[in-house]
Amino acid sequence: MTNRKVLWKPFTANREFNADPKIFVKSDGMYYFTDKGEKVLDAVSGLWCCNLGNNHPKVVEAIKEQAGSMYYSTAFQIGNEPELELAKELVSITPDGLNHAFFTNSGSESAESALKLALAYHKAMGNGSKTMLLGREHAYHGVNFGGISVGGLVNNKRTYNNLLNVAHIPTIFDLKNNAFTKGMPENGADKADSLLDTINLYGAENIAALIMEPMAGSGGVHVPPKGYLEKIAKICKDNDILLIFDEVITGFGRLGSAFASTKFGITPDIMTTAKGLTNGAIPMGAIVASTKVYDAIINNSKTPIEFFHGYTYSGHPIACAAGVATIKAYKEEKSFEKVAEISPYWEEALHSLNGTKHIIDIRNIGLVGAIQLEVSKDGIGAYGDKVFQECYKKGLLVRATADTIALSPAYIVTKEEIQTIVSTLKEVIENLDS
Ligand SMILES: Cc1ncc(COP(=O)(O)O)c(C=O)c1O
């Protein structure tokens, strides 16, 4: 018997996992293969990251090639070619005005970096009192101290608390008015007004930035109501509060445009990314800053190193090579267009579950979906976990956060595979009590 206790798994019920571990040994496109020889259809792109499907041959090739020529060079004071190439590729698809890429190694690090950049910006502009950071309820910005502080999920805070000077605006989640909405809800733009209340409470002169996911992902897939983001952007601009869009999930085509910012037509001051940047092949993240932010810090700096921040693996050559191959593949395969093309089919398929026992809401946008289950008599998360376990037994990988089943298949998903996802979920959910 293997001693599994040598391994401590993240965001996992370790005791339960060790009693019956689920192990993947191989992957190919939309599928994983387990150590028991089973085939599992991946309805979540790994963890919202393998957008092109797993083991994309061009990404694999790029990694091999870079590893053979130089797998590491120092991030500080020395450059490498793949990092510049990736910066160019990245800003070629970001919205106009977001032109300066800074590399990290994960979504969590991207969030930290963006928050620090916002503080550095206001210092550089001579507004040193602007130090407070705003987030939103239900938000997920990774697990580091900045991210959990501006984040809005209680389980991420319970043990660790808020260490930063933060405040939160309310969630956009509104089951009462918006249940079973297809795409963007009509109701709720007025929720943006609460940002004004927060500003009036703390003073614009004290607030540095608001970070938000344009579409909240890990907190339960909450699609912004029509007009909401426009209002938020205007209030931020009027009050000299930087707007940071966390596009770790929504970036790289998930909503059918290169970024959510592109889809919604709103350009933040700073954007954070990770996951789909390398198609999940190598851990990597990036923040992309506007020229306003970049110039303020670079031009006004009184110290030789303008932004005193960075990681050993910022701009890691292999990660960057994977990123370049990934973005080129997105372009060559017209991946973002494919998402836009298939999303009406996805929407109809998901909403065909409306009326199924235990389902109290279905949400979707682009190639993202969420099925909200009622809370079982066994407590919050019991149904969600059961759906995850039962789907897995039937060869389907979904993601359960509490009682929300989140879905985000790779962009290569076929209509037949969408039908398999939906019919498996229907069968499992209908039989939850049996
Ligand atoms: C919006 C958002 N930000 C940040 C993160 C954290 O990314 P990572 O797990 O790579 O640190 C995630 C992860 O799901 C995310 O969804």
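All values reported here derive from a predicted model rather than from experimental measurement.

About the thresholds
- Here the residue numbering is sequential within each chain, running from 1 through the sequence in written order.
- Restriction of local features to residues with pLDDT of at least 70 applies here, the model being predicted, together with a cutoff of 80 or more for giving and counting side-chain atom pairs; totals for whole chains, interfaces and linings are based on all residues.
- The secondary structure listing takes helices from DSSP runs of H or I that are at least 4 residues long and strands from runs of E that are at least 2 residues long, numbered from the N terminus.
- What the globule rule says is 2.2 Å times the number of residues to the power 0.38, and the radius of gyration is computed from C-alpha atoms.
- Backbone-placed C-beta atoms define the burial measure: a residue is buried with 20 or more other C-beta atoms within 10 Å of its own, exposed with 12 or fewer, and partly exposed in between.
- Here contacts are defined at the residue level, using C-beta atoms placed from the backbone and a cut-off of 7 Å between them.
- By definition, a residue lies near a molecule or strand provided its backbone-derived C-beta atom is within 6 Å of it.
- In this classification, Asp, Glu, Lys and Arg are treated as charged, Ala, Val, Leu, Ile, Met, Phe, Trp, Tyr, Cys and Pro as nonpolar, and every other residue, Gly included, as polar.
- Each domain's limits were defined by an automated method or a database of domain assignments.
- By this definition, two strands are paired if DSSP reports at least two bridges between them.
- Lines fitted to C-alpha atoms define the axes, with helix axes restricted to the stretch in contact, and inter-axis angles between N-to-C directions lie between 0 and 180 degrees.
- Note on angle classes: values under 35 degrees are labelled roughly parallel, values over 145 roughly antiparallel, values of 65 to 115 roughly perpendicular, and the remainder oblique.
- Each crossing gets its handedness from the near helix: less than a right angle anticlockwise from the far helix is left-handed, clockwise is right-handed.
- Expected helix span is taken as 1.5 Å per residue step, with the number of steps being one fewer than the number of residues.
- Here the arc refers to the directions that run from the helix axis out to each C-beta atom.
- A set of buried Ala, Val, Leu, Ile, Met, Phe, Trp, Tyr and Cys residues, joined to one another through C-beta atoms within 7 Å, is what we call a nonpolar core.

**Quick word on the overall build of the chain**
Point 1. Helix and strand counts for the chain stand at 16 helices and 15 strands.
Point 2. Radius of gyration (C-alpha) of the chain: 21 Å, near the 22 Å computed for a compact globule of 434 residues.
Point 3. Principal axes of the C-alpha set define a box for the chain whose edges measure 65 × 55 × 45 Å.
Point 4. Every one of the 434 residues in the chain was classed for burial, and the buried ones make up 48%.
Point 5. For the chain, long-range pairs separated by at least 24 residues make up 73% of all intrachain contacts whose partners lie at least 6 apart in sequence.

**Focus on the site of the ligand**
Point 1. Near the ligand lie 14 residues; those nearest to it are Ser106, Gly107, Ser108, Gly142 and Val248.
Point 2. Looking at the shell around the ligand, the element that brings in the most residues is helix H5 (residues 107–124), giving three residues.
Point 3. Of the residues in the shell around the ligand, the class split is five nonpolar, seven polar and two charged.

**Description of the domain arrangement of the chain**
Where the parts come together, the accessible area they lose is often given as the size of the interface.
Point 1. Domains assigned within the chain are domain 1 (4–55 + 335–430) and domain 2 (60–332).
Point 2. In this structure, domain 1 and domain 2 have C-alpha centres spaced 25 Å apart.
Point 3. The interface is formed by 30 residues belonging to domain 1 together with 29 residues belonging to domain 2.
Point 4. Take the side of domain 1 that touches domain 2: its biggest share by element is seven residues, from helix H14 (residues 335–351).
Point 5. Of the residues contributing to the side of domain 1 that touches domain 2, the split by class is 15 nonpolar, twelve polar and three charged.

**A look at the sheet that holds strand S11 (residues 359–365)**
Point 1. As summarised here, the arrangement of the four strands in space is S11-S12-S15-S14, forming an open sheet in which the pairing is antiparallel. The open sheet has two free edges, formed respectively by S11 and strand S14 (399–401), since each of these has just one partner strand. Taken over all neighbouring pairs, the strand axes of this sheet differ in orientation by 20° on average, direction set aside.

**A closer look at the sheet that holds strand S2 (residues 31–34)**
Point 1. Spatially, S1-S2-S3-S13 is the arrangement adopted by the four strands of the open sheet, whose pairing is mixed. Of all the strands in the sheet, the pair left with one neighbour each is strand S1 (24–28) and strand S13 (396–397).
Point 2. In terms of strand pairing, S1 meets S2 through four bridges, oriented antiparallel. Paired with Asp28 across the two strands is Tyr31, which belongs to S2.

**What to know about the environment of Leu196**
Point 1. Relative to the helices and strands, Leu196 resides in helix H9 (residues 193–202).
Point 2. Note: C-alpha distance between Leu196 and Ile371 (175 residues apart in sequence) is 32 Å.

**Quick notes on the packing of helix H15 (residues 382–393) against helix H16 (residues 415–430)**
Point 1. Relative orientation of the contacting elements H15 and H16 amounts to 125°, with a least axis distance of 10 Å. Compared by their axis directions, H15 and H16 come out oblique. Seen from above, H15 lies across H16 with right-handed handedness. Between H15 and H16, the contacting residues are Val387, Glu390 and Cys391 on the first element and Thr424, Leu425, Val428 and Ile429 on the second.
Point 2. Class assignment for the residues of the contact of H15 with H16 results in five nonpolar, one polar and one charged.

**Observations concerning helix H3 (residues 57–69)**
Point 1. Between its terminal C-alpha atoms H3 stretches 19 Å, which fits the 18 Å expected from 13 residues at 1.5 Å a residue.
Point 2. Every buried residue of H3 is listed here: Val59, Ala62 and Gln66. Around the axis of H3, the buried residues are gathered within 60° of arc, so they sit on the same side. Seen from the open side of H3, the exposed residues pointing more than 90 degrees away from its buried face are Pro57, Glu61, Lys64, Glu65 and Gly68.
Point 3. Considering only its buried residues, H3 is in contact with helix H4 (81–93) and helix H13 (317–332).

**Here's the deal with the nonpolar core**
Point 1. Ala118, Ala209, Leu210, Ile211, Ile244 and Ile270 are the most contacted members of the largest nonpolar core, which has 119 residues in total.
Point 2. Looking at this core element by element, the count peaks at nine residues for H13.
Point 3. Both domains that meet at this core, namely domain 1 (4–55 + 335–430) and domain 2 (60–332), each give it at least three residues.
Point 4. Apart from the residues within four sequence positions on either side, Ile244 is in contact with Ala114, Ala118, Ala209, Leu210, Ile211, Pro268, Asp269, Ile270 and Thr272.

**Some details on the pairing of S11**
Point 1. Within S11, five of the seven residues are buried, leaving the element largely enclosed by the surrounding structure.
Point 2. The pairing of S11 with strand S12 (residues 368–373) spans six bridges and is classified as antiparallel. When the sheet's bridge partners are listed, Ile362 is paired in S12 with Ile371.
Point 3. Linking two consecutive strands that pair antiparallel, namely S11 and S12, is a turn of two residues; a positive phi of about 50° is found at Gly366 within it.

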